[in-house]
Amino acid sequence: MSAPTFLEPWQLRAAFARSLSDMYGKEVPAYTTLLDVSHEVNADFVAQHGADAERLGSVSRVTAERHGAIRVGTPTEMAQVARVFGAMGMRPVGFYDLRDASSSSVPVISTAFRPVEREELARNPFRVFTSMLVTADRRFFTADLEQRLETFLGARTLFGPELLALADRAEAEGGLPEEQATEFLRLATEAFELSREPVDQAWYRELEAVSAVAADIGGIASTHINHLTPRVLDIDDLYARMEARGITMIDAIQGPPRWEGPDVLLRQTSFRALAEPRTFRTADGEIVSDALRVRFGEVEARGIALTRAGRAAYDAAVVEIDEAAAAARAGDPGFTEAHRQHIARAVWQKTFPTTEAALADQELGWFTYEVVSTGSTPEVRREPVVYEDFLPRSAAGIFQSNLTSDGAKDASQEGTDRDADWMAGALGRDLNDPFDLYADQVDRSLAAAAETLGVDPA
Ligand code: OOG
Ligand code: NI
């Protein structure tokens, strides 16, 4: 097959995901180990489970599947990110406020850029969790520090004019000719590489004292991808194999516990940021070398998307597990992660049904319906809808587990209101509601099934 001479958005997206993965693999060797182990886990899972292994995505999709995470400083930068990803058919979906998702100092709000249509997701589901610093939040930044941050951020350029012009062209024309596509991919990849420029030491450390995330975003003049996450079909197996290879993972797998019922939403785990050599410029203008931990590895397993009712049940279960675990921990100095998981499983057993059929009947999970012809009688088959988004609580946990310091949050101050509408305004684009997207996917499947059967869709 010869190379295409015109690349459509999905081809740009797939090529970009590969290009970022190659770059990250060269720079962060533990990521390559993670990819190797992920491939082993998936191959073994498919060998054991056959066709069932592909119910939540084909093996080719899952093998290529990645999400990345980036962090930016201003609404202007956020709107530029939207243009770069818009060229690849990735739309902003969902609003996450991580300032309150944990007790930690994570002064950001976020969205995820991803394809929204079923066919597009099947072609390549690459998504990027994108966070933006809330410099106006007084719990984190004084008026003086906000002012200095704004000045610093306003003076930097994350995405050059050439990259943005190519992005706009791709979005307007539905892709790029090969030569321009190559240039676009090169510039886009470069924009997310870790810069080797010396870091202003006093400025970086001042921000770090407030929040390590603030320093990572506002302490340097560029952005960088901070992790790339492959998807696995069995995350417990992956966790055990990584530990066996001597790579220390964070204590827990975030999200739902392992249990006997259907997997829902998202389970994630990570290994800590690696210390990478960086140069700093001291107040006297001297260049010194030190290390920063800003890039890490993460892996995830995706389950069935939950309806609003299912999600409410999930959120309530999380609170219940926290409370029960806190009480048990208080009474037992030997309390471990294994105890917490035991509690979590018990809460799960009374919250969620153990079969997919019941999850569908109780309208807790999303399912599509497809007409298949086996022999002469058409049969309606129910298929689970995979969760394509993120979880604020897990995201905060991922941030948290990779911070070198807790920072200092002034709880006596008022936070700044930020919501989905505000984010849409910053992006200059519509912000998709994930629940609407899942509902839409289900409705379309019902309409198509009804048409095939020649009945009224109701
Ligand atoms: C983003 C953390 C969130 C996830 O998978 O939940 C995330 C970050 O560290 O910038 O990637
Ligand atoms: Ni992540």
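Residues numbered from 1 in each chain as written. Chains lettered and ligands numbered in written order. Predicted model: local features only at pLDDT ≥ 70, side-chain atom pairs only at ≥ 80, totals over all residues. Heavy atoms only, no water.

## Some remarks on the overall build of the protein
Thought 1: Regarding its fold elements, the protein presents 17 helices and 12 strands.
Thought 2: Computed over the C-alpha atoms, the radius of gyration of the protein is 23 Å, within 12% of the 23 Å expected from 2.2 N^0.38 for a compact globule of 458 residues.
Thought 3: Taken over 458 residues, the protein has a buried fraction of 53%.
Thought 4: Working note: accessible area of the protein is about 19,800 Å², and carbon and sulfur atoms make up 51% of it.
Thought 5: Within the protein, the 73 negative side-chain charges are centred at a point lying 2 Å from the centre of the 46 positive side-chain charges. (Helix = DSSP H or I, 4+ residues; strand = E, 2+ residues; numbered from the N terminus. Rg over C-alpha atoms; globule rule 2.2 N^0.38 Å. Buried < 20%, exposed > 50% of the residue type's maximum accessible area, 1.4 Å probe, protein only. Areas by Shrake-Rupley, 256 points an atom, 1.4 Å probe, with all protein chains shown as cover. Lys, Arg positive; Asp, Glu negative; His and termini not counted. Charge placed at Lys NZ, Arg CZ, Asp CG, Glu CD.)

## Digging into the packing of helix H1 (residues 9-27) against helix H8 (residues 178-191)
Thought 1: Two elements in contact, H1 and H8, have axes separated by 10 Å at closest approach and are oriented at 45°. Between H1 and H8, the crossing angle belongs to the class labelled oblique. Two packed elements cross with a definite hand, and for H1 against H8 that hand is right-handed. Two secondary-structure elements touch here, H1 through Leu12, Ala15, Phe16, Ser19, Leu20 and Met23 and H8 through Ala181, Phe184, Leu185, Ala188 and Thr189.
Thought 2: Broken down by class, the residue content of the contact of H1 with H8 amounts to 9 nonpolar, 2 polar and no charged. (Axes fitted to C-alpha atoms, helices over the stretch in contact; angles between N-to-C directions. Parallel < 35°, antiparallel > 145°, perpendicular 65-115°, else oblique. Left-handed = near helix turned anticlockwise from the far one by under 90°. Contact = heavy atoms within 4.5 Å. Nonpolar A, V, L, I, M, F, W, Y, C, P; charged D, E, K, R; others polar.)

## Quick notes on a negative patch on the surface
Thought 1: Where like charges cluster on the molecular surface, the negative patch consists of Glu414, Asp417, Asp419 and Asp421.
Thought 2: Along the chain, Asp421 turns up in helix H16 (residues 420-427). (Patch = residues over 30% accessible without salt bridge, like charges linked within 9 Å, V, L, I, M, F, W, Y side chains within 5 Å. Salt bridge = Lys/Arg side-chain N within 4 Å of Asp/Glu carboxyl O.)

## Examining the sheet that holds strand S3 (residues 91-97)
Thought 1: Pairing in this open sheet of 5 strands is mixed, and the strands run S3-S4-S5-S2-S8 from one edge to the other. This sheet does not close on itself; its edge strands, each paired only once, are S3 and strand S8 (227-230). Put simply, the sheet's adjacent strands are angled 20° from each other on average, direction ignored.
Thought 2: Pairing between strand S2 (residues 66-72) and strand S5 (residues 127-133): 6 bridges, direction parallel. Looking at the pairing, Ala69 lines up with Phe129 of S5.
Thought 3: Helix H15 (residues 392-401) rests against S2, S3, strand S4 (108-114), S5 and S8 of the sheet, and its axis sits at about 70° to S5. (Pairing = 2+ DSSP bridges.)

## A short note on the environment of Gln362
Thought 1: Residue position: Gln362 is located in the loop between helix H14 (356-361) and strand S11 (367-374).
Thought 2: Take Gln362: its relative accessible area is 47%, and that puts it in the partly exposed class.
Thought 3: Residues Gln362 and Thr182, 180 residues apart in the sequence, show an inter-C-alpha distance of 49 Å.

## Description of the pairing of S4
Thought 1: Counting buried residues in S4 gives 7 out of 7 residues, a clear majority hidden from the surface.
Thought 2: Here S4 shows two buried faces, one formed by Val108, Ser110, Ala112 and Arg114 and the other by Ile109, Thr111 and Phe113.
Thought 3: By the bridge criterion, 5 bridges tie S3 to S4 in an arrangement that is antiparallel. Each residue of the ladder has a partner; that of Arg91, found in S4, is Arg114.
Thought 4: Sheet topology places S4 next to S5; 6 bridges connect them, and they run antiparallel. Bridge pairing in S5 places Phe113 opposite Val128.

## Notes on helix H6 (residues 143-154)
Thought 1: The first and last C-alpha atoms of H6 sit 16 Å apart over 12 residues, in line with the 16 Å expected at 1.5 Å per residue.
Thought 2: Looking at the buried positions of H6, the neighbouring elements they touch are helix H4 (75-86), S5, helix H9 (201-210) and helix H10 (212-218). (Expected span 1.5 Å × (residues − 1).)

## Concerning the domain arrangement of the protein
Thought 1: When the domains of the protein are assigned, the result is domain 1 (6-305 + 366-453) and domain 2 (306-362).
Thought 2: Domain 1 and domain 2 are separated by 26 Å when their C-alpha centres are compared.
Thought 3: Listed as interface residues are 28 residues of domain 1 and, on the opposing side, 21 residues of domain 2.
Thought 4: With both sides pooled, the region where domain 1 packs onto domain 2 buries about 2,200 Å², and carbon together with sulfur makes up 62% of that total.
Thought 5: Among the residues domain 1 hides against domain 2, the three largest losses belong to Pro257, Trp259 and Phe435. Together they make up 27% of the total.
Thought 6: On inspection of domain 1 and its partner domain 2, the count reaches 4 salt bridges.
Thought 7: The partner of Asp433 in a salt bridge is Arg308, and the shortest N-O contact between them spans 3.2 Å.
Thought 8: Summed over the shared surface of domain 1 and domain 2, the number is 6 residue pairs in polar contact (both at pLDDT 80 or more). (Domains from an automatic or database assignment. Buried area = accessible area lost by both parts, 1.4 Å probe. Polar contact = N/O pair within 3.5 Å; in protein donor to acceptor, adjacent residues only side chain to side chain.)

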